[in-house]
Amino acid sequence: MMSMIDSVYFSDSNNPSKEKEEDGEVCIANISPLERQKRLRFGILQFIFTLFVLGVLIALHLNPLWRLPLLLLFWAAGVGYFQARDKT
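Quick summary incoming for the structure in this document.

What counts as what
- Counting from 1, residues in each chain are numbered in the order their sequence is written.
- Local features in a predicted model are, by the rule used here, given only for residues with pLDDT of at least 70; side-chain atom pairs are given and counted only at 80 or more, and totals for whole chains, interfaces and linings are based on all residues.
- In computing side-chain values, all of the structure's heavy atoms are included and hydrogens and water are not.
- Strands here mean DSSP runs of E at least two residues long; helices mean DSSP runs of H or I at least four residues long; both are numbered from the N terminus.
- Note on exposure labels: buried denotes an accessible area under 20% of the residue type's maximum, exposed denotes more than 50%, and partly exposed covers the range between, all computed with a 1.4 Å probe on protein chains only.
- We call two residues in contact when some of their heavy atoms are within 4.5 Å.
- Note that accessible areas follow from Shrake-Rupley with a 1.4 Å probe, and for residues the cover is restricted to the protein chains shown.
- Only centres within 6.5 Å qualify two rings of Phe, Tyr or Trp (six-membered ring in Trp) as a pair; their planes then separate them into stacked at under 30 degrees, edge-to-face at over 60, and tilted for everything else.
- Only the stretch in contact is used when a helix axis is fitted, and all axes are lines through C-alpha atoms; the angle between N-to-C directions ranges over 0 to 180 degrees.
- Each angle gets one of four labels, with under 35 degrees taken as roughly parallel, over 145 as roughly antiparallel, 65 to 115 as roughly perpendicular, and the rest as oblique.
- Left-handed describes a crossing whose near helix is turned anticlockwise from the far helix through less than a right angle; right-handed describes the clockwise counterpart.
- Just so you know the grouping, Ala, Val, Leu, Ile, Met, Phe, Trp, Tyr, Cys and Pro go in nonpolar, Asp, Glu, Lys and Arg go in charged, and all remaining residues, Gly too, go in polar.
- Each residue after the first adds 1.5 Å to the expected span of a helix.
- The term salt bridge refers to a pairing of a side-chain nitrogen on Lys or Arg with a carboxyl oxygen on Asp or Glu at a separation within 4 Å.

**Quick notes on the overall build of the protein chain**
Now for step 1: If you tally the helices and strands in the protein chain, you get four helices and zero strands.
Now for step 2: Secondary structure of the protein chain in N-to-C order comes out as α-α-α-α.
Now for step 3: Residues counted as buried form 11% of the 88 residues belonging to the protein chain.
Now for step 4: Taking all contacts inside the protein chain whose residues are at least 6 apart in sequence as the whole, residues at least 24 apart take part in 68%.
Now for step 5: Summing over all exposed atoms, the protein chain offers an accessible surface of approximately 7,500 Å²; the carbon and sulfur share of this is 67%.

**Here's the deal with the packing of aromatic side chains**
When we look at a pair of aromatic rings, we describe it by the centre distance and by the angle of the planes.
Now for step 1: In the structure shown here, the tally under the stated rule is two aromatic pairs.
Now for step 2: Their ring planes at 70° and their centres at 5.1 Å tell us that Tyr 81 and Phe 82 sit as a pair that is edge-to-face.
Now for step 3: Exposure remark for Phe 82: the relative accessible area of 43% places this residue in the partly exposed category.

**Brief notes about the packing of helix α3 (residues 33–59) against helix α4 (residues 70–86)**
Now for step 1: Put simply, α3 and α4 touch, their axes get as near as 7 Å, and they point 155° apart. Accordingly, the angle class assigned to the pair α3 and α4 is roughly antiparallel. Classified by chirality, the crossing of α4 by α3 is left-handed.
Now for step 2: Of the residues that constitute the contact of α3 with α4, the class distribution is 15 nonpolar, five polar and two charged.

**Digging into α3**
Now for step 1: For α3, built from 27 residues, the straight-helix expectation of 39 Å at 1.5 Å per residue is met to within 8% by its first-to-last C-alpha distance of 39 Å.
Now for step 2: Along α3, the positions that sit buried rather than exposed are Gly 43, Gln 46, Thr 50 and Leu 57.
Now for step 3: In this structure, the buried residues of α3 make contact with α4.
Now for step 4: At the exit of α3 stands His 61, carrying a positive phi of roughly 55°.

**Quick notes on the environment of Leu 73**
Now for step 1: Its place among the elements puts Leu 73 in helix α4.
Now for step 2: A residue is classified by how much of its surface remains accessible, and Leu 73, at 25% relative accessible area, is partly exposed.
Now for step 3: Sequence separation between Leu 73 and Leu 51 is 22 residues; the distance between their C-alpha atoms is 9.5 Å.
Now for step 4: With sequence-adjacent residues up to four places away left out, Leu 73 is seen in contact with Gln 46, Phe 49 and Thr 50.

**Considering the pattern of salt bridges**
Now for step 1: Applying the stated criterion to the full structure yields one salt bridge.
Now for step 2: For Arg 39, the salt bridge goes to Glu 35, with nearest N and O atoms at 3.4 Å. Remark: Glu 35 and Arg 39 occur in helix α3; sequence separation between them is four residues, near one turn of the helix.

Quick look at the structure:
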């Protein structure tokens, strides 16, 4: 029984799609440089805005639970930055 499982498990070792993964395919950008610049600018401005709001919430000594929605703003800033960096 063990040899049958091993043969099924290792039978896919000559799959051509795995060879492509090992060689490393080149990623082609699907957005223009202008669009990348827009996304980078959005990510940076969103990050600065979120830090400003965080500073205001801390300065006003509000309940820390009010900071929780800032995760969405930080997430949006990160998405903009990483989309520009990865050219997607």
